[in-house]
Amino acid sequence: MPVQEPSSTTGSPTPMKSLLRTALAVLALAAALSATGCGDSHGAESPTVPGSGIKGRTMVDGGCPMTRDHSPCPDRPLSARLTITSGDPEETVTETTSDADGHFRIPLPPGTYTIRPANLTGAVTPIAQPMSVTVTSGQFTTVTIPFDSGIR
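These notes cover the structure that comes with them. Source: prediction; values computed, not measured.

**Some thoughts on the environment of G53**
Here comes step 1: Inspection of the secondary structure assignment puts G53 in strand β1 (residues 53-60).
Here comes step 2: The spatial distance from the C-alpha of G53 to the C-alpha of L108 is 4.2 Å, given a sequence separation of 55 residues.
Here comes step 3: Setting aside residues up to four positions removed in sequence, G53 forms contacts with I106, P107, L108, V135, Q139, F140 and T141.

**Digging into the nonpolar core**
Here comes step 1: I54, F104, I115, V143, I145 and F147 are the most contacted members of the largest nonpolar core, which has 17 residues in total.
Here comes step 2: At the level of secondary structure, the elements contributing two or more residues to this core comprise β1, β3 (80-86), β5 (103-107), β6 (111-119), β7 (131-135) and β8 (140-147).
Here comes step 3: Setting aside anything within four residues of it in sequence, one finds F104 in contact with I54, K55, G56, R57, T58, L82, S98, V143 and I145.

**A few points about the side chain of N119**
Here comes step 1: Inspection of the secondary structure assignment puts N119 in strand β6.
Here comes step 2: Using a relative accessible area of 8% as the deciding quantity, one classes N119 as buried.
Here comes step 3: Of the polar contacts made by the side chain of N119, one reaches the side chain of T121; its length is 2.7 Å.
Here comes step 4: Within the structure, the side chain of N119 is placed 2.7 Å from the backbone oxygen of P126, a separation counted as a polar contact.
Here comes step 5: Beyond its immediate stretch of four places on either side in the chain, N119 contacts V124, T125, P126 and F147.

**Quick notes on the pattern of salt bridges**
Here comes step 1: According to the stated counting rule, one finds 1 salt bridge in the structure shown.
Here comes step 2: Of the charged contacts, one joins R116 and E90 as a salt bridge, the two residues approaching to 2.6 Å between their closest N and O atoms. Of the two residues, R116 sits in strand β6 while E90 sits in the loop between β3 and β4 (91-97), which places them 26 residues apart along the sequence.

**A short note on the environment of P109**
Here comes step 1: Assignment of secondary structure puts P109 in the loop between β5 and β6.
Here comes step 2: Separated by 56 residues in the primary sequence, P109 and G53 place their C-alpha atoms 6.4 Å from one another.

The rules we used
- Position numbers for residues start from 1 in each chain and track the written sequence from start to end.
- Two thresholds apply to this predicted model, a pLDDT of at least 70 for residue-level local features and 80 or more for giving and counting side-chain atom pairs, whereas whole-chain, interface and lining totals are computed over all residues.
- Where side-chain values are given, they derive from all heavy atoms of the structure, hydrogens and water being excluded.
- Secondary structure elements are defined from DSSP: runs of H or I of at least 4 residues count as helices, runs of E of at least 2 residues count as strands, and each element is numbered from the N terminus.
- Contact between two residues is taken to exist if any of their heavy atoms lie within 4.5 Å; hydrogens are not considered.
- What makes a nonpolar core is a set of buried Ala, Val, Leu, Ile, Met, Phe, Trp, Tyr and Cys residues whose side-chain atoms join them at distances within 4.5 Å.
- Classification of residues uses two cut-offs on accessible area relative to the type maximum, computed with a 1.4 Å probe and protein chains only: under 20% is buried, over 50% is exposed, and between them is partly exposed.
- Polar contact is defined as a pair of N or O atoms within 3.5 Å, subject to the rule that within protein one atom must be able to donate a hydrogen and the other to accept it, and that residues adjacent in sequence are counted only when both atoms are side-chain atoms.
- When a carboxyl oxygen of Asp or Glu is within 4 Å of a side-chain nitrogen of Lys or Arg, the pair counts as a salt bridge.

Interpretation note: all reported values are geometric properties and have no functional meaning in isolation.
Right, here's the structure in full:
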């Protein structure tokens, strides 16, 4: 059954209108706090401590069967997919791809993580092993992730 508002002859708001105005004011305040960042915004990609995480480079070996003084085979950058996991059982925290020069930067709160690297082609090689990394408050831990080309 619908609620009937009593008519007002004095011009003062009815209880229903007062309730509606209060609700709208609360919604406006919540929207303003959210827009200015005063609300809780700890999403999956927003670290709780700014300025901490993992940075580094993904590299693949030169692929030479034998290193010679006159013909070195230096490591070269490799764009790769990096899956960051944490916890027991392990859960994916985030995923990223290193750039064409192998560089990456992943903001993360302090803790211990496992980097699970994979090449972008889906082929068996080049291959890299998972790596455990500890992130300290206020710092980016620097790592180099070595991929094995499979050539000996």
